[in-house]
Amino acid sequence: MPLQRSEDALEIIYRLKQDAEGKPLDEGAVREELARHLDGDPLAELREQGYVRLRDGIVELTPEGEKLGRTTLRLHRLAERLLVDVLSFDVGDAEPPACEFEHVISPEVEESICTVLGHPRECPHGLPIPEGECCRAERRVAEKVIGPLAELEPGQRARVVYILTKNHPRLHKLMAFGVVPGTEIRLHAKYPSFVVEVGETTIALDEDVAEDIFVAKLS
Amino acid sequence: MDATAAGRGKGAPRRPRSVQHRRRHRFGLRRRVPRELPRVALVGSPNVGKSVIFHHLTGLYATVSNYPGTTVQLTRGTGHLGGTLVEVIDTPGVASLSALSEDARVARDVLITEELAAIVQIADAKNLQRSLLLTVQLAELGLPMVVDLNMADEAAARGITVDWRALAEELGVPFVETVATAGHGIGALREAIGRPRVARLRVTYDAPVEKAIGLLEPLMPPCPASKRALALMVLCREPGMLDWLGKRLAPDEMRRVDNIIRACEDNFDLPLFLVVQRRRREVVDRLLRRAVRHQPKAERGVYPPSRVALALTAIAVSLALLVGYGGEGPLWATLGRYLLAILGGWELAGAALAHAEEKISLRLTNPLFGLAAGAVVLYVVYRFVGVLGAGTLVDFFESVIFGQYINPAAEHLCGPVLGMRQGGLLYDFFVGEYGMITMGLTYAFAIVFPIVTTFFIAFGILEDSGYLPRLAALANRLFSRVGLSGQAILPMVLGLGCGTMAVLTTRILETRRERIIATLLLGLGVPCSAQLAIIVAVTASLGWKVLLLTVGAIVFHLALVGYLAARVLPGEKPDFIVELPPMRMPVLGNVLRKTWMRVRWYVTEAVPLFLLGTFILFVLDRADLLGVLARWSEPVISGLLGLPRQTAMAFIMGFVRRDYAVVMLREATIAGGGPLPELTPVQVVVAVVTVVLFVPCVASVFIIIRERGLRVAAAIVGFVIAYAFAAGGALNYLLRALHVFQ
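Along every chain, residues carry numbers that run from 1 in the direction the sequence is written. Each chain is given a letter, starting from A, and each ligand a number, starting from 1, according to the order in which they appear as written. Reporting of local features is limited, given that this is a predicted model, to residues whose pLDDT is at least 70; pairs of side-chain atoms are given and counted only at 80 or more, and all residues count toward the totals for whole chains, interfaces and linings.

Structural notes on the overall build of chain B
In this description a helix means any DSSP run of H or I spanning at least four residues, a strand means any run of E spanning at least two, and both kinds are numbered starting from the N terminus. Within chain B, the regular secondary structure consists of 30 helices and 11 strands. Evaluated residue by residue, chain B yields a buried proportion of 46% over its 742 residues. In this description, any two residues whose backbone-derived C-beta atoms lie within 7 Å of each other are considered to be in contact. The long-range fraction of contacts in chain B, counting pairs at least 24 apart against all pairs at least 6 apart in sequence, stands at 74%. Every C-beta atom is placed from the backbone, and the number of other C-beta atoms within 10 Å of a residue's own sets its class: buried at 20 or more, exposed at 12 or fewer, partly exposed in between.

Some details on the overall build of chain A
In terms of regular secondary structure, chain A is built from 9 helices and 9 strands. Looking at chain A as a whole, 39% of its 219 residues are labelled buried. The long-range share in chain A, meaning contacts at least 24 apart out of those at least 6 apart in sequence, stands at 60%.

Points about the interface of chain B and chain A
Counting residues at the interface gives 28 residues for chain B, matched by 26 residues for chain A. Mapped by element, the contributors of at least two residues to the side of chain B that touches chain A are helix H4 (128-140), helix H18 (467-481) and strand E11 (577-579) of chain B. Strands were regarded as paired on the criterion that DSSP finds at least two bridges between them. Here strand E8 (residues 201-205) of chain A runs beside E11 of chain B; their pairing, made up of 3 bridges, is antiparallel. Along E11 of chain B, the bridge assignment pairs Ile-203 of chain A with Glu-579 of chain B.

Concerning helix H6 (residues 164-171) of chain B
Residue and element names in this part refer to chain B. Considered for burial, the residues of H6 that qualify are Trp-164, Leu-167 and Leu-171. The buried residues of H6 occupy an angular sector of 55° when the element is viewed end-on, so they sit on one face. Tucked into the core, H6 has its buried residues touching H4, strand E6 (144-150), strand E7 (160-162), strand E8 (175-177) and helix H12 (272-291). With its phi angle positive at about 75°, Gly-172 sits one or two positions after the end of H6. When we speak of the arc, we mean the arc of directions from the helix axis to the C-beta atoms.

Description of helix H29 (residues 698-708) of chain B
Taken together, the buried positions of H29 of chain B are occupied by Val-698, Ala-699, Ser-700, Val-701, Ile-703, Ile-704 and Arg-708 of chain B. Gly-709 of chain B sits one or two residues past H29 of chain B and shows a positive phi near 95°.

Here we look at the confidence of the model for chain A
For chain A, per-residue confidence averages 84 on the pLDDT scale, and residues scoring 70 or more make up 96% of the total. Strand E7 (residues 194-198) of chain A holds the highest mean pLDDT among the elements of chain A, 91, whereas helix H7 (residues 133-137) of chain A holds the lowest, 75. A score between 0 and 100, pLDDT records how confident the predictor is in each residue.

Points about the packing of helix H28 (residues 681-693) of chain B against helix H30 (residues 710-737) of chain B
Residue and element names in this part refer to chain B. Where H28 meets H30, the closest approach of the two axes is 8 Å, and the angle between their N-to-C directions is 160°. By the criterion of interaxial angle, the relationship of H28 to H30 is roughly antiparallel. In terms of crossing hand, the pair formed by H28 and H30 is right-handed. Across the interface between the two elements, Val-682, Val-685, Val-686, Val-689, Thr-690 and Leu-693 from H28 touch Tyr-723, Ala-724, Phe-725, Ala-727, Gly-728, Leu-731, Asn-732, Leu-735 and Arg-736 from H30. Throughout, the ten residues Ala, Val, Leu, Ile, Met, Phe, Trp, Tyr, Cys and Pro are labelled nonpolar, Asp, Glu, Lys and Arg are labelled charged, and all others, Gly among them, are labelled polar. Tallied by class, residues from the contact of H28 with H30 come to 11 nonpolar, 3 polar and 1 charged. Fitted lines through C-alpha atoms serve as axes, helices being fitted only where they are in contact, and the angles separating the N-to-C directions of these axes extend from 0 to 180 degrees. By the definition adopted for this analysis, an angle is roughly parallel if under 35 degrees, roughly antiparallel if over 145, roughly perpendicular if from 65 to 115, and oblique otherwise. We call a crossing left-handed when the near helix sits turned anticlockwise from the far one by less than a right angle, and right-handed when that turn is clockwise.

Some points on the pairing of strand E3 (residues 58-61) of chain A
Residue and element names in this part refer to chain A. Burial of the side chains of E3 is restricted to one face: Val-59 and Leu-61 are buried, whereas none of Ile-58 and Glu-60 on the reverse face is. Here strand E1 (residues 25-26) pairs with E3 via 2 bridges, running antiparallel. Bridge pairing links Asp-26 to Ile-58 in E3. Both strand E2 (residues 52-55) and E3 contribute to a ladder of 4 bridges, which runs antiparallel. In the sheet register, Val-52 faces E3, and the bridge partner there is Leu-61.

Re the sheet that holds E2 of chain A
All names here are of chain A. Spatially, E1-E3-E2 is the arrangement adopted by the 3 strands of the open sheet, whose pairing is antiparallel. Edge positions in the sheet fall to E1 and E2, since each of these pairs with one other strand and no more. With respect to the sheet, helix H1 (residues 3-20) is in contact with E1, E2 and E3, its orientation differing from that of E3 by roughly 110°.

Digging into unusual backbone geometry
Residues and elements named next belong to chain A. The amide bond that connects Tyr-191 to the next residue, Pro-192, takes the cis arrangement and shows omega of -5°. Structurally, Pro-192 can be placed in the loop between strand E6 (184-189) and E7. Although it is not a glycine, Glu-21 sits at a positive phi angle of roughly 50°. For Glu-21, the position within the fold is in the loop between H1 and E1.

Observations concerning the nonpolar core
Grouped together as the largest cluster of nonpolar side chains are 239 residues, with contacts concentrated most on Val-40, Ile-119, Met-145, Leu-235, Val-685 and Val-689 of chain B. Tallying contributions element by element places helix H17 (residues 436-465) of chain B first for this core, with 17 residues. Those residues in contact with Met-145 of chain B, other than ones at most four positions away along the chain, are Ala-118, Ile-119, Gln-121, Leu-138, Ala-139, Val-173, Pro-196 and Ala-199 of chain B. Put simply, a nonpolar core is a cluster of buried Ala, Val, Leu, Ile, Met, Phe, Trp, Tyr and Cys residues tied together by C-beta atoms within 7 Å. Residues Leu-10, Leu-43, Val-52 and Leu-61 of chain A belong to the second largest nonpolar core, which totals 15 residues.

Focus on the sheet that holds strand E9 (residues 213-217) of chain A
What the 7 strands build is an open sheet, ordered E4(A)-E9(A)-E5(A)-E6(A)-E7(A)-E8(A)-E11(B); its pairing is antiparallel. The open sheet terminates on both sides in strands that have one partner only, identified here as strand E4 (146-148) of chain A together with E11 of chain B. Sheet twist, expressed as the mean angle between neighbouring strand axes with direction ignored, is 40°. Along the sheet, H18 of chain B makes contact with E7 and E8 of chain A together with E11 of chain B, crossing E11 of chain B at roughly 155°.

Overview of the pairing of E7 of chain A
Regular strands place their side chains on alternate faces of the sheet. All names here are of chain A. Within E7, 4 of the 5 residues are buried, which leaves the element mostly enclosed by the surrounding structure. As defined by bridge partners, E6 adjoins E7 across 4 bridges and the pair is classed as antiparallel. Within the sheet, the bridge partner assigned to Ile-185 lies in E7 and is Val-198. Between the antiparallel neighbours E6 and E7 lie 4 residues. In this sheet, E8 lies alongside E7 in antiparallel orientation, the contact comprising 5 bridges. Bridging from a neighbouring strand, Val-196 pairs with Ile-203 of E8. Taken together, E7 and the strand that follows it, E8, pair antiparallel across an intervening segment of 2 residues, in which Gly-199 is found at a positive phi of about 60°.

What to know about the packing of helix H2 (residues 50-58) of chain B against helix H24 (residues 588-622) of chain B
Residues and elements named next belong to chain B. Two elements in contact, H2 and H24, have axes separated by 10 Å at closest approach and are oriented at 85°. What the angle tells us is that H2 and H24 run roughly perpendicular. Together, Ser-51, Val-52 and His-55 of H2 and Gly-589, Asn-590 and Arg-593 of H24 make up the contact between the two elements. Here the contact of H2 with H24 is composed, by residue class, of 1 nonpolar, 4 polar and 1 charged.

Overview of the environment of Ala-351 of chain B
All names here are of chain B. One can find Ala-351 in helix H14 (residues 331-363). Since 19 C-beta atoms lie within 10 Å of it, Ala-351 is described here as partly exposed. Considered as a pair, Ala-351 and Met-585 are 234 residues apart in the sequence and their alpha carbons are 9.6 Å apart.

Structural notes on the confidence of the model for chain B
Residues and elements named next belong to chain B. Of the residues in chain B, 89% have a pLDDT of 70 or more, and the chain-wide mean is 80. The element-level mean pLDDT for chain B is lowest in helix H1 (residues 3-10), coming to 35, with E6 highest at 94. For residues 1-31, every residue scores under 50 in pLDDT, and the model assigns this stretch 40 contacts once sequence neighbours within four places are set aside. Across the predicted assembly, pTM comes out at 0.67 and ipTM at 0.70.

Quick look at the environment of Ser-98 of chain B
Structurally, Ser-98 of chain B is set in the loop between strand E4 (84-90) and helix H3 (102-113). Once the C-alpha coordinates of Ser-98 of chain B and Arg-108 of chain B are considered, the two residues, 10 residues apart in sequence, prove to be 8.2 Å apart. Residue contacts for Ser-98 of chain B: discarding those within four places in its chain leaves His-172 of chain A together with Glu-238 and Phe-273 of chain B.

Here you go:
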């Protein structure tokens, strides 16, 4: 089985496992899902390669299988983030290239991309991105290009890239003041409150809100 | 006004009950506005100068009333616009019609349910991107409108030119440019309101959205606003819209609506309001590209040096008078030096702002500069409110106006003229020790009225200058420890003026939890101006250590209770996101108008409650219950607090007259003066702290009941009573055990 095919299959199984939230994976359901994306019998092939175990109609991932599936999913979603945030792809258009990218990104490249993006926690669809070593260690290999507003220094200018919050009122308020992806902002002060200039408007925010606004440093 | 608008007046069908709103004031001074007048609504973001424009359009008389079913207040007035008498409604400031706060919901409801002859949007000329977003939403409502680009001077100063003619042409709506604070362009605005037009603007949304709108429109109930706008609001699940719709549609129609919305939502990863917003932004960007130019900033004119020189001279003369005559001296010298100081200071402030607004504005949010500035502001306010207001004016009102004229005249009227028996029930009711006139009115007008009026003036100036949001930004971090956000600084500061008004202002706080905590702290320990000056006098006369200890204890208890309340009450701290508007010199006319409205509120709402409190005391006294109450509380007073038993009276009196309690204490610190024996420093500290922490005045209690409901109010009052005595007792034992002052 070519590696790319294994990776695709394991990514699907890993995703199913995440959605199942601890419940065992039914073999029939797994086959059905796999059949939607791959032809032939990927499950048998994976079993041969030692990535999955089949027992009593339940599919289990071996440690190797889990690792590969997880990594592939992580790369897929990181790639989506890269395409959408930095290369300005539309969310819908990002899927096919992301599917290709996930197979060619080496571990070093993966770390760099993740760091440059500021160790994002979610893909553009709002689904979680599995953590990598770099996220855990938060090493700064490449200087972050995109990071939360809370980490800028006073006087710096930046452009808003995305606002990561599920809190609708917060989002609404920020948008009403003009803090939307694409606008340029300037940080004036951090203590005791954040003071930010957006266009001709100056606003004060507290730290929680500043941590949700992700920006790309300018100049 | 064009024929349709005027015609809608007389021959219009009778408005449904739900649209009639005049809150009944029991003692209100209500100016009747005939219902048939065409209505114009002012809409715009906060801080764009809407109220100044409202003032220009309507003059002095305005009524404030609650929008039915809410605690949001709408201001209404009448004015001659476009040739006819019109009713003008000032809606709460909102940045967009997406209604996330009660304020925004009321603004939206006014726009879609009232029959309006015109909508006037007041926009910030320098922030056109934000303003035009609102314009687009208003345009979609399909009602006749006019757009006013206000603060045109600030736009010009930043090098922004707006081709408003191009915008007017593009949208088919009259545009005017104004500088409301200077009165420029108001005439053009009045005239433009006479010829409002329905905007010719159409935003085309994504296909699934358009499809959903098409399906929803036929289901929308009739209303003045366009069905397309309604459908969009429903589709985006704007708060309150589905409930509103649910009351007007049959259940199966609601199910269809729900299905249409869900089907549309399935097409997108983002919430629909974002999808819709995206397209609106595109339209706005197009308009901006066409009409707005940025140029290098205009050469800032230099503030005339002659005026600065004059200002400095005035201040110098004022200081000379102070040095020459000292604190005492002829009346002309005192008034003169106050006047010169105020005028000089005002000019200098204007000059400073004209030169360095941005720098000043930013420094104010810096902790060092900000606190220093805060201290200066505090001092100035103290001189104005505490010394001029609470000192000079109160003395004048109390001793002269009431002491020499009103009270004796009332006594004469009751006694010899009306023949009431001295010492009899009626006589005492009016002019006795707890008489309506001699105590109730005297307190309300001689003592509290000058203080709150000077306070409201000072507060209005602070408000209009743009200083308060900066104070909020400084205070936010501290306040979040006690479960409040920076915005709570407003009611807290107001509480130092009049606690009753402060409780009312807690409406601006976003969550119920915040409002309760703020009310609790106001009820517990924020001393109102009627107490403050005397507290300072009492404790300061015994030395600065006593003052420091007293203030420290009060602040400590406020912080402790706030912190515990924040832990105990469930809920999240609301987000702190506030605009810092440019600092501006306040317009005196606007300040005075605001003060007038607040004073009117005070007279109609608070004064009757003081009279009620006086009546309660009168009854208690008549039934000899005051003495009984005092005796019952003696064990607590002398045992726990270590105070002479006569101070029980001070606490009871403090319920009606906040200052009585402290006045009695002050007299006690002067050996042998007043009904109390002399108090030791420890006793003074304990007494003052307990009195301050004790229940707020009767007016405040009633307002708390009205704002927070009986249950919460009862809980707060009960807690405060218990806590005040507990804290006082603890302080008493602590000070004695540590042999402080001994």
